[in-house]
Amino acid sequence: MTTLIDENTRLVVQGITGSAGAFHAKNCMDFGTNVVAGVTPGKGGQLFEEKVPIFNTVKEAKAATDCNASMIFVPPPFAADAIMEAADAGIPLIVCITEGIPVQDMQKVKLFLADKDVTLIGPNCPGIVNPAAKCKIGIMPAYIFKPGRIGIVSRSGTLTYEAVWQVTNLGLGQSMCIGIGGDPVHGMTHLEAAKFFTEDPNTDAFIMIGEIGGSEEEEAAEWIKANCKKPVAAFIAGATAPKGRRMGHAGAIVSGGKGTAAAKQEALKDAGIVLAETPAQMGLALQKAMQAKGL
């Protein structure tokens, strides 16, 4: 895994001339992110915001600017190819915001990335933010962040923002905030994020926000129980979802009795993680976890 993002991040935006890509690229720049290039096939040679060069391919952008991270705002039918193009060009961190990429396409992406030293975040995610480094890749609202020492990882975009705001209002601030996305086939997992925060010297404690469906939260809880000494709080969304009904994210599919909120909550409690019963209690659960560890 890379060091994710910091002051040395040099961002290329794939799809920078589209309405969403342009809007959020500008917001990232306003936050302080060093956007060094954009990529839109057929528009090479143009400038974004009168200063950011646009290239036809990621390979050209990499050669000209030495970009080391990519933010993808490419429509779903072409987004998987955009991820693979960035990886093939040697971009070590790829953040794909695009929602609605076919599962079959993402399976091809996973196979393509298997032998490459690449960290993929997303797709269908809000991105990643390092407040202290003034680096934001994605769509998260800038004003809710405060530099601090609390990590946040979440499958849900809106619950990410809620956790960030609660941590900010507690005066704690964030070391890194990672939205991993809600699709069934995606990049960074809760387990990988838990390992990152456990090893990160800038993080004192972290919050995990999960959802019904899949088994990633249980896998992270098992690893945390055996390896993590830092305070951890968590919230699982979907506890009141009607049985058998598909809810929101494509990854929120419960089958065979696995992936239920109850099963995830039990695994988290067994790992010594403090659970928030409602989204409004995530900050309080974090405080409780920190107090239990003497922080």
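Throughout what follows, the structure given in this document is the object of discussion. Keep in mind that this is a model prediction, so the values were computed, not measured. (Residues numbered from 1 in each chain as written. Predicted model: local features only at pLDDT ≥ 70, side-chain atom pairs only at ≥ 80, totals over all residues. Heavy atoms only, no water.)

### Some points on the pattern of salt bridges
Part 1 of the reasoning: This structure, assessed with the given rule, holds nine salt bridges.
Part 2 of the reasoning: Note that Lys 62 and Asp 66 form a salt bridge whose closest N and O atoms lie 3.4 Å from each other.
Part 3 of the reasoning: A salt bridge links Glu 217 to Arg 155; the shortest N-O distance between them is 2.7 Å. Note that Glu 217 is positioned in helix α7 (residues 216–227) and Arg 155 in the loop between β10 (147–154) and α5 (157–169), a separation of 62 residues in sequence.
Part 4 of the reasoning: Residue Glu 217 is classed as buried on the basis of its relative accessible area, which comes to 2%.
Part 5 of the reasoning: Owing to a relative accessible area of 7%, Arg 155 belongs among the buried residues under this scheme.
Part 6 of the reasoning: Members of the salt-bridge network, linked through shared partners, are Arg 155, Glu 211, Glu 217, Glu 218 and Lys 264. (Salt bridge = Lys/Arg side-chain N within 4 Å of Asp/Glu carboxyl O. Helix = DSSP H or I, 4+ residues; strand = E, 2+ residues; numbered from the N terminus. Buried < 20%, exposed > 50% of the residue type's maximum accessible area, 1.4 Å probe, protein only.)

### Looking at the packing of aromatic side chains
Part 1 of the reasoning: Under the definition given, this model contains three aromatic pairs.
Part 2 of the reasoning: Ring centres of Tyr 143 and Trp 165 lie 6.0 Å apart, and the angle between their planes is 65 degrees; this geometry places the pair in the edge-to-face category. Separated by 22 residues along the polypeptide, Tyr 143 in the loop between β9 (135–138) and β10 and Trp 165 in helix α5 bring together distant segments of the chain.
Part 3 of the reasoning: Relative to Phe 197, the ring of Phe 196 lies with its centre 5.5 Å away and its plane at 65 degrees, an arrangement referred to as edge-to-face. Side by side, Phe 196 and Phe 197 carry an identical accessibility label, which is buried.
Part 4 of the reasoning: Site record: aromatic cluster; members linked through ring pairs are Phe 196, Phe 197 and Phe 206.
Part 5 of the reasoning: Directly above the ring of Phe 112 sits Lys 116, whose terminal nitrogen or CZ lies 4.0 Å from the centroid. (Phe/Tyr/Trp six-rings, centres within 6.5 Å; stacked < 30°, edge-to-face > 60°. Lys NZ or Arg CZ within 6 Å of the ring centre and 35° of its normal.)

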